[in-house]
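# Notes for the structure review
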Amino acid sequence: MEEIAISKFKATCLAVLEKVKKTGQPILVTRFGHPIAEVRPPSFLHPGRRFGLRTHTGVVLGDLVAPVGDESDWEAAQTPHPGEDPK
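Residues numbered from 1 in each chain as written. Predicted model: local features only at pLDDT ≥ 70, side-chain atom pairs only at ≥ 80, totals over all residues. Heavy atoms only, no water.

### Quick notes on the overall build of the chain
How we decide: Labels follow the DSSP assignment, with helices taken as runs of H or I lasting at least four residues and strands as runs of E lasting at least two, numbered in each case from the N terminus. Classification of residues uses two cut-offs on accessible area relative to the type maximum, computed with a 1.4 Å probe and protein chains only: under 20% is buried, over 50% is exposed, and between them is partly exposed. Residue contacts are defined here by distance: any two heavy atoms, one from each residue, within 4.5 Å place the two residues in contact. Values of accessible area rely on a 1.4 Å probe in the Shrake-Rupley scheme; residue burial ignores everything except the protein chains shown.
Along the backbone of the chain there are 2 helices and 3 strands. Tracing the chain from N to C terminus, the helices and strands come up as β-α-α-β-β. Taking all 87 residues of the chain together, the buried fraction comes to 13%. In the chain, the share of contacts with a sequence separation of at least 24, taken over all contacts with a separation of at least 6, comes to 33%. When the accessible surface of the chain is totalled, it reaches about 8,200 Å², and 59% of it is carbon and sulfur.

Encoded structure:
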């Protein structure tokens, strides 16, 4: 990967961006020899789709709107016993 000092990047920013666009290769921006940023082309220019990749691959098994269990099993549907404090 090509490296460029931050001072040179600041002076030639538009040219560096154009070079990255044309070559598709990232450029590492350094300060005192230590990397501080990486200039790379946008990821949408690279082939490959991430969002919606598994569209239309699901299978529906059973009824989607029917209750899962019997209503009599629900605690909220139970009538309180006489003398119990309702919650």
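Next, the rest of the story.
### Considerations on the nonpolar core
So the rule is basically this: The criterion is simple. A nonpolar core is a set of buried Ala, Val, Leu, Ile, Met, Phe, Trp, Tyr and Cys residues joined through side-chain atoms within 4.5 Å.
Counting residues in each nonpolar core, the largest one holds 7 residues, listed as Ile 4, Phe 9, Val 16, Val 20, Ile 27, Val 29 and Val 39. Broken down by secondary-structure element, the contributors of at least two residues to this core are helix 2 (13–23) and strand 2 (27–31). If we skip the residues at most four places from it in the chain, Ile 4 touches Phe 9, Thr 12, Val 16, Ile 27, Leu 28, Val 29 and Thr 30.

### Considering unusual backbone geometry
With phi around 55 degrees, Phe 32 is a residue other than glycine that occupies positive phi space. If you trace the backbone, Phe 32 turns up in the loop between strand 2 and strand 3 (34–39). With a phi angle near 65 degrees, His 56 is a residue other than glycine that sits in the positive phi range. For His 56, a relative accessible area of 81% corresponds to the exposed category.

### Here's the deal with a nonpolar patch on the surface
Threshold: Patch membership needs two things, relative accessible area over 30% and no salt bridge, and members are linked within 9 Å if like-charged or within 5 Å if nonpolar (Val, Leu, Ile, Met, Phe, Trp, Tyr). Think of a salt bridge as a Lys or Arg side-chain nitrogen and an Asp or Glu carboxyl oxygen that are within 4 Å of each other.
Taken together, the side chains of Val 60, Leu 64 and Val 65 make up a nonpolar region of the molecular surface, amounting to roughly 370 Å² of accessible area. Looking at where Leu 64 falls in the secondary structure, it is placed in the segment after strand 3.

### Observations concerning the environment of Glu 38
One can find Glu 38 in strand 3. Its relative accessible area of 38% is what places Glu 38 among the partly exposed residues. C-alpha of Glu 38 to C-alpha of Pro 26: the two residues are 12 residues apart in sequence and 6.6 Å apart in space. Excluding anything up to four places from it in sequence, Glu 38 contacts Met 1, Pro 26, Ile 27 and Leu 28.

### Here's the deal with the pairing of strand 2
Note on strand geometry: in a regular strand, side chains alternate between the two faces of the sheet. Rules: Note on pairing: DSSP must find at least two bridges between two strands before they are called paired.
With 4 of 5 residues buried, strand 2 is to be regarded as a mostly interior element. The pairing of strand 1 (residues 2–5) with strand 2 spans 4 bridges and is parallel. In the sheet register, Glu 2 faces strand 2, and the bridge partner there is Ile 27. Here 5 bridges tie strand 2 to strand 3, and the two strands are oriented antiparallel to one another. Among the inter-strand pairings, Leu 28 is bridged to a residue of strand 3, identified as Glu 38.

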